[in-house]
Amino acid sequence: GPILLAADGRVFNVAPARRLYGPGGEYHLFVAGGDATRYLARNSVEPESEESARRPLNVAERAALGAWLFSFSQKYDEVGRVA
């Protein structure tokens, strides 16, 4: 079945990379029913403090997120949008 990853309002089916995003995969935290935007922007799987999570992404983080989204758009089907 599908494995969905949401980031910056876009939803991708990353099932072709099941070994990475499926249970036990290196990036399975990104698809645990939440939005992966900030994880991708920070290039980190570590939880953020509440204070850090409230601040907007900086220029470098927006650029990192853009690179991830471009990569996903080249590899995986975009299957939806979230607000």
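Check the entry above for the structure.
Residues numbered from 1 in each chain as written. Predicted model: local features only at pLDDT ≥ 70, side-chain atom pairs only at ≥ 80, totals over all residues. Heavy atoms only, no water.

(A) Layout of the environment of Ile 3. Checked against the element boundaries, Ile 3 lands in the segment before β1 (4-7). Along the primary structure Ile 3 and Ser 44 are separated by 41 residues, whereas in three dimensions their C-alpha atoms are 20 Å apart. Ignoring sequence-local partners within four residues, the contact set of Ile 3 consists of Phe 12, Asn 13, Val 14, Ala 15, Arg 18, Tyr 21, Gly 22 and Val 31. (Helix = DSSP H or I, 4+ residues; strand = E, 2+ residues; numbered from the N terminus. Contact = heavy atoms within 4.5 Å.)

(B) Highlighting the pairing of strand β2 (residues 10-13). What you see with β2 is no split at all: Arg 10 and Phe 12 on one side and Val 11 and Asn 13 on the other are buried throughout. Two strands pair when backbone bridges link them, and β1 and β2 are joined in this way by four bridges, in the antiparallel orientation. Each residue of the ladder has a partner; that of Leu 4, found in β2, is Asn 13. Relative to strand β3 (residues 77-81), β2 is paired through four bridges, and the arrangement is antiparallel. For Asn 13, the partnering residue across the bridge sits in β3 and is Asp 77. (Buried < 20%, exposed > 50% of the residue type's maximum accessible area, 1.4 Å probe, protein only. Pairing = 2+ DSSP bridges.)

(C) Main features of the pattern of salt bridges. Under the criterion given, the structure shown has six salt bridges. In this structure, Arg 10 engages Glu 78 in a salt bridge whose closest nitrogen and oxygen atoms are separated by 2.9 Å. Taken as a pair, Arg 10 in strand β2 and Glu 78 in strand β3 lie far apart in primary sequence, 68 residues in all. Residue class for Glu 78 comes out partly exposed when judged on its relative accessible area of 34%. Notably, a salt bridge pairs Glu 78 with Arg 81, separated by 3.2 Å at the nearest N-O pair. The exposure class assigned to Arg 81 is exposed, which follows from its relative accessible area of 62%. Linked by salt bridges that have partners in common, Arg 10, Glu 78 and Arg 81 make up one network. (Salt bridge = Lys/Arg side-chain N within 4 Å of Asp/Glu carboxyl O.)

(D) View of the side chain of Asn 13. With respect to the element layout, Asn 13 can be found in strand β2. Within the structure, the side chain of Asn 13 is placed 3.1 Å from the backbone nitrogen of Ile 3, a separation counted as a polar contact. A distance of 3.0 Å separates a polar atom in the side chain of Asn 13 from the backbone nitrogen of Ala 15. If we ignore the near neighbours within four places in the chain, the residues touching Asn 13 are Pro 2, Ile 3, Leu 4, Tyr 76, Asp 77 and Val 79. (Polar contact = N/O pair within 3.5 Å; in protein donor to acceptor, adjacent residues only side chain to side chain.)

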